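Coordinates in review
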Amino acid sequence: MPIQNAEIAGLLEEMAELLDIEGANAFRARAYRRAARTIESLPQSAANLLEAGNDLADLPGIGKDLAGKIGEIVRTGRFAALEVEKRAVPAELAALAALPGLGPKRVKLLHDELGVRGPNDLRKAVAAGRVAALRGFGRGIEDKLKAALAKPVAPTRFKLANVEAEAEALLSYLKPALAGGQAIVAGSFRRRKDTVGDLDVLATSNSAKAVGERFVAYDNVDKVLAHGETRSTVVLRSGLQIDLRVVANECFGAALLYFTGSKAHNIALRAIAVDKGLKLNEYGLFDGQKRVAGATEKDVYRALGLAYVPPELREDRGEIDLARRKALPRLVQLEDIRGDLHAHTNWSDGAAPLQAMAAAAQAKGYEYLAITDHSLRMTVAHGLDAKRLAEQIDAIDRVNGSLEGFALLKGVEVDILEDGSLDLADDILSRLDIVVASIHSHFDLPRDQQTRRLVRAVEHPLVAVIGHPTGRLIGEREPLALDFDAVLAAARKVGCALEINAAPPRLDLDDVHAYAAREAGVKLVISTDAHATVSLDWMRFGVDQARRGWIGAGDVVNTVSLADLRRRLKPSRAT
DNA sequence: GCCGTTTTCGGCCCGACTGTTTTCAGTCG
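Residues numbered from 1 in each chain as written. Chains lettered and ligands numbered in written order. Predicted model: local features only at pLDDT ≥ 70, side-chain atom pairs only at ≥ 80, totals over all residues. Heavy atoms only, no water.

1. Here's the deal with the protein's contact with DNA strand B
Residues in contact with DNA strand B amount to 47 residues; listed here are only the nearest, Gly63, Gly103, Phe137, His227 and Arg270. Note that a base oxygen of DNA strand B is positioned 2.8 Å from one of the side-chain N or O atoms of Asn25. Gly61 is positioned such that a nitrogen or oxygen atom in its backbone is 2.9 Å from a phosphate oxygen of DNA strand B. Looking at the surface near DNA strand B element by element, the count peaks at five residues for helix α2 (residues 26–40). (Near = heavy atom within 4 Å. Polar contact = N/O pair within 3.5 Å; in protein donor to acceptor, adjacent residues only side chain to side chain. Helix = DSSP H or I, 4+ residues; strand = E, 2+ residues; numbered from the N terminus.)

What follows is the structure, given as structure tokens:
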């Protein structure tokens, strides 16, 4: 089985960490990190690219040397340079740099002076009080390390939807101290990443001090990690870390840009500034002492000769080049969505009856809602057999009879069985407006078998959409082992759409897979998989991920009118 | 290790905060 991009990226990242600790040229380590990011966000597998005869050195941040090394990893599964490095630097040392107060320099010092080779050695050295005596260390750092080593490290990331409430509560708490200024959550939250590691709050106020003091006095604060003039960091009881930065109004745009990131995007922007003889920092874009831009993000981009880049695109995945050529894609917006194509009712495991779901969808301004209850195989969900599905079809007809300017579509979320066949027969499926096919079992099949299974479902002439195609549950279940390129090729050939499932625990497809689908010419649908009326609101999370995947309204099936949709869904590809 | 309408060599983003120092290195974002 060919090596996955994530594995290659992991090896490159490991190399970078060891180079840092070894004290090698920092830019060399950075080059490995950059390459790791590039590989990680590739829309296709590096292995397939190579097989198709592509030169990886054409990719940004990857030159001849790294292309060769990645080629070696793909072909042999080995990475000789990393193995050499591991002999010089114990690989366990890399883990130490994740401890608070420790970075590559101090880890190297621990290794060179105290012979520390990993967490256990460090624990002993700390217990013996030998760490505090090292140059650049001290009692303070030693105590912090002791505390950190005592509890297992759990680098948690939070689901985007889960931190929204906390973010809103904090912003309204800060308001009294802003004195007319504003506060906004920047960082990966603003870029709408599917998970966030912390929240970056940016505030403008004439009294930075008052904001900072109110911030660290917040009720939910568990620990204050840093508290300076303009910058403070706390950890909330939930474990969520919050960074606050306060700037003056005239700096707001530059600060928002800086604090939104991504880091890679910022570095690229600053390099452009340097090219132009300017300097970009969180206070503005400067020509010598003179601020030439900074009040708004648009000003800064314009002064750099770039089009405004929406936050969701700021990942240094090619957006800067397009911004320079004023050729950024127009991204899909929530307002473009004209209906939802995946929803459940109390006919299976949903909470609401047909009428309630219809009313809720119509109230959102939608033109249509597809009812896609589970099929027979999902016994826990009271999945429908052909007989009950036929009854539901009649029930939907009755509901539609009482609706105006809106239609419920007759559908199903039919299970894809282990062999790729469907859980319901063609004669009932062919009576529906839309068939969504999804995997809900046998998540751990070998890659080849899983791929064949999904491709078979894609190729079924009555299947219009594959639901949550990779099956991942964020932080709980890994995506299916799949040759995703093969799935895309099949989907493109038969015109089957892939879903961006907007349910916060799923967000499946994710941004990178969605980007790959668009590149391959595969259509997408953005659906909520709502099991209750309120969950229809999840649409915006799906739109967020679509935007991160460079998806435009034209790539999304459910941006079209009901009449167009009916034409598109009509099975015209029977073999 | 990458990269180039100023460069194939010599650069490579920039500042705040902490804890250690007594002017600053390291970490962090």
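The discussion continues.
2. Considerations on the sheet that holds strand β10 (residues 290–293)
Taken in spatial order, the three strands make up an open sheet running β8-β9-β10, and their pairing is antiparallel. Of all strands in the sheet, those with a lone pairing partner are β8 (279–281) and β10, marking the two edges. Neighbour-to-neighbour, the strand axes of the sheet open up by a mean angle of 40°, direction not taken into account. Note: strand β9 (residues 284–287) against β10, three bridges, orientation antiparallel. Looking across to β10, one finds that Leu285 is bridged to Ala293. (Pairing = 2+ DSSP bridges. Axes fitted to C-alpha atoms, helices over the stretch in contact; angles between N-to-C directions.)

3. Describing the pairing of strand β7 (residues 241–247)
Taking burial as the measure, the seven residues of β7 include six buried ones, the bulk of the element. Pairing of strand β4 (residues 198–204) with β7, which is carried by seven bridges, proceeds in the parallel orientation. Looking at β7, one finds that Val201 is bridged to Leu244. Inspection of the sheet shows strand β6 (residues 231–236) paired to β7 by five bridges, in the antiparallel sense. By the bridge assignment, Thr233 is partnered in β7 with Asp243. (Buried < 20%, exposed > 50% of the residue type's maximum accessible area, 1.4 Å probe, protein only.)

4. Observations regarding the packing of helix α17 (residues 354–363) against helix α18 (residues 386–401)
Two elements in contact, α17 and α18, have axes whose closest approach is 10 Å; the angle formed by their N-to-C orientations is 50°. Taken together, the axes of α17 and α18 are oblique relative to one another. The two elements α17 and α18 meet at a crossing, and its hand is right-handed. Residues Leu354, Gln355 and Ala358 of α17 pack against Gln392, Ala395, Ile396 and Val399 of α18. Across the contact of α17 with α18, the residue classes tally to five nonpolar, two polar and no charged. (Parallel < 35°, antiparallel > 145°, perpendicular 65-115°, else oblique. Left-handed = near helix turned anticlockwise from the far one by under 90°. Contact = heavy atoms within 4.5 Å. Nonpolar A, V, L, I, M, F, W, Y, C, P; charged D, E, K, R; others polar.)

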